[in-house]
Amino acid sequence: MTDTTQGTSDLKHYVNDRPFDPYSAVTLSPEQEKYYLASQWVLMWMKFKRHRLAVLSGLYLVLVYLSVVISEVLAPYSFSHRHTDYLYAPPQEVRFFHNGEFLGPFVYEYDVSLNLEELRWDYTENTDRPKQLRFFCNSADYDGATYEFWGMWESNFHLVCPAKDSHFFFLGTDRLGRDIQSRIIQGARISLTVGLIGIIISFTLGLVIGGMAGYYGGWIDSLVQRVIEVIRSFPALPLWMALSAAMPVTWSPILVFIGITVILGLLDWPGLARAVRSKLLALREEDFAVAAQLMGAKPGRIIGRHLMPSFMSHLIASATLAIPSMILGETALSFLGLGLRPPITSWGVLLNEAQNFNAVALYPWLLWPAVPVIMVVLAFQFLGDGLRDAADPYK
């Protein structure tokens, strides 16, 4: 027994003289530290960037909304100018080579003749007269060059201009000889603004009403739910049509625009209110909400500073999915003649020109205003999908 004990005591043990560090076994690379120490918003951005289609859609929407600031500059003509000699002119093809020689972007002028058999104007390209396009031009040497920038001062600066005393109809003209490309560019200002203002109204109502119903519960919750059920029971489009038709015909175009925006905003809040209510019903029982209440915080502060930020990412995703519905609502009402009316120009007003199927069969370029509507709605849908996936970065 003594020999065994003596042999054990002679064993040598390695002892590290450095101070004990409990995190020495966990070594993170700079990339790992950037991920594990990031905030929730940074994690959302990192996850959102991996959704390439959503990123491209977001960039496209940013460019579209920035373009409405300088719509008059981007359009080659004033949106209300009429080319009486070019009614229903087809789109002109942009070319670069003339008889094998590179001239840069140019178009051929149209020779116009009246077809008495079909009672329509015939347009043929005159290949002997190429007309070069100009860029960043500041001249009033062609019809329709002068415009009022935001209705404040006159200008004639354009991104693209036709040649002197010539014409450039990239998307053709309508029944009054107005350039469709210019009207689409300037119509975006109204159509896109309707969605933004409408979502501000609906989100304000949805957050306030849904927040009160979810936080207080009881009879307030029951009353809000009954009101939501009544509003949601009406078909959306007939209800929009009825409210739009109730607006006085003597209202100015600006008042009609405000009325349509308010109608779209007032009828879109129930869906968001229900989402906010369901979230608050669960979050109000969490420890941080109860602690804030016990510390004497008022309900408004608890809802605004503690509960709402907990699912703000979901609200942002919901907003991007709600804006397209308002754009489509305005387009549908204006297409049916119950929304915005000339001289206001929007994509729905432009599509109103395409109600005559005979005209569309002969002049299919009248349907071009539907293309930006489809592209913007799809971009919002893709952006909303990306934001919705990134809203919970821990999944």
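Description of the structure in this document. (Residues numbered from 1 in each chain as written. Predicted model: local features only at pLDDT ≥ 70, side-chain atom pairs only at ≥ 80, totals over all residues. Heavy atoms only, no water.)

Summing up its helical and strand segments, the chain has 16 helices and seven strands in all. Against the compact-globule benchmark of 21 Å for 395 residues, the chain has a radius of gyration of 31 Å, which places it well outside the compact range. C-alpha atoms of the chain, sized along the principal axes, occupy 125 × 65 × 40 Å. Counting all 395 residues of the chain, 41% fall into the buried class. Taking the 30 positively charged and 35 negatively charged side chains of the chain as two groups, their mean positions are separated by 8 Å. (Helix = DSSP H or I, 4+ residues; strand = E, 2+ residues; numbered from the N terminus. Rg over C-alpha atoms; globule rule 2.2 N^0.38 Å. Buried < 20%, exposed > 50% of the residue type's maximum accessible area, 1.4 Å probe, protein only. Lys, Arg positive; Asp, Glu negative; His and termini not counted. Charge placed at Lys NZ, Arg CZ, Asp CG, Glu CD.)

Attention now goes to helix H16 (residues 370-390). Between the first and last C-alpha of H16 there are 30 Å, a value that for 21 residues agrees with the 30 Å anticipated at 1.5 Å per step. Listed as buried for H16 are Pro-372, Val-373, Val-376, Val-377, Ala-379, Phe-380, Leu-383, Gly-384, Gly-386, Leu-387 and Ala-390. Packed against the buried residues of H16 are helix H3 (40-49), helix H4 (52-67), helix H6 (180-216), helix H13 (312-335) and helix H14 (347-351). (Expected span 1.5 Å × (residues − 1). Contact = heavy atoms within 4.5 Å.)

Across all of its chains, the model carries one disulfide by this definition. Note on cysteine connectivity: Cys-137 is disulfide-linked to Cys-161, with sulfurs 1.6 Å apart. Residues Cys-137 and Cys-161 are joined by a disulfide whose S-S torsion is about 90°; by sign, that bridge is right-handed. Here Cys-137 is found in strand E4 (residues 134-138), whereas its partner Cys-161 is found in strand E7 (residues 157-161), with 24 residues between them in sequence. The residues Cys-137 and Cys-161 share a single accessibility class, namely buried. (Disulfide = S-S within 2.5 Å.)

Right, let's get into the sheet that holds strand E2 (residues 101-115). Here three strands make up an open sheet; going across it, the order is E1-E2-E3 and the pairing antiparallel. Edge positions in the open sheet fall to strand E1 (95-98) and strand E3 (120-132), since each of these has one partner strand only. If you compare each strand with its neighbour and ignore which way they point, the axes differ by 55° on average. Inspection of the sheet shows E2 paired to E3 by 10 bridges, in the antiparallel sense. Residue pairing in the sheet places Leu-114 in a bridge with Trp-121 of E3. (Pairing = 2+ DSSP bridges. Axes fitted to C-alpha atoms, helices over the stretch in contact; angles between N-to-C directions.)

A cluster of nonpolar side chains, contributed by Trp-251, Ile-254, Leu-255, Ile-258, Val-262 and Leu-266, occupies part of the molecular surface with about 510 Å² of accessible area. One can find Ile-254 in helix H9 (residues 253-266). (Patch = residues over 30% accessible without salt bridge, like charges linked within 9 Å, V, L, I, M, F, W, Y side chains within 5 Å. Areas by Shrake-Rupley, 256 points an atom, 1.4 Å probe, with all protein chains shown as cover. Salt bridge = Lys/Arg side-chain N within 4 Å of Asp/Glu carboxyl O.)

In this section: the packing of H4 against H16. Packing of H4 against H16 brings their axes to within 8 Å, and their N-to-C directions diverge by 135°. Here H4 lies oblique to H16, going by the angle between them. Relative to H16, the crossing made by H4 is left-handed. Across the interface between the two elements, Leu-53, Ala-54, Ser-57, Gly-58, Tyr-60, Leu-61, Val-64 and Tyr-65 of H4 pack against Met-375, Val-376, Ala-379, Phe-380, Phe-382, Leu-383 and Gly-386 of H16. The residue makeup of the contact of H4 with H16, split by class, is 12 nonpolar, three polar and no charged. (Parallel < 35°, antiparallel > 145°, perpendicular 65-115°, else oblique. Left-handed = near helix turned anticlockwise from the far one by under 90°. Nonpolar A, V, L, I, M, F, W, Y, C, P; charged D, E, K, R; others polar.)

This brings us to unusual backbone geometry. In this structure, the amide linkage connecting Pro-342 to the following residue, Pro-343, adopts the cis form with an omega of 15°. Here Pro-343 lies in the loop between H13 and H14. One non-glycine residue, Asn-99, lies in positive phi territory at about 55°. With respect to the secondary-structure elements, Asn-99 resides in the loop between E1 and E2.

Moving on, we get to helix H10 (residues 269-283). In a regular helix each residue adds 1.5 Å, so 15 residues correspond to 21 Å; H10 covers 21 Å between its end C-alpha atoms and thus fits that length. Taken as a whole, H10 has its buried residues at Trp-269, Pro-270, Leu-272, Ala-273, Val-276, Leu-280 and Leu-283. In a view along the axis of H10, the buried residues occupy a sector of 155°, so they form one face of it. Among the structural elements, H6, helix H7 (218-233), H9, helix H11 (287-294), helix H12 (299-307) and H13 are those in contact with the buried residues of H10. (Arc of directions from axis to C-beta.)

A separate point is the pattern of salt bridges. Taken as a whole and assessed by the stated rule, the structure comprises 17 salt bridges. Between Arg-178 and Asp-174 there is a salt bridge, with its nearest N and O atoms 2.9 Å apart. Owing to a relative accessible area of 10%, Arg-178 belongs among the buried residues under this scheme. The exposure class of Asp-174 is buried, given its relative accessible area of 4%. Linking Arg-274 and Glu-229 is a salt bridge whose minimum nitrogen-to-oxygen distance equals 4.0 Å. Of this pair, Arg-274 sits in helix H10 while Glu-229 sits in helix H7, and the two are 45 residues apart along the sequence. According to the relative accessible area criterion, Arg-274 is partly exposed, its value standing at 33%. Put simply, Asp-174, Arg-175, Arg-178, Arg-183 and Glu-353 are held in one network by salt bridges that share partners.

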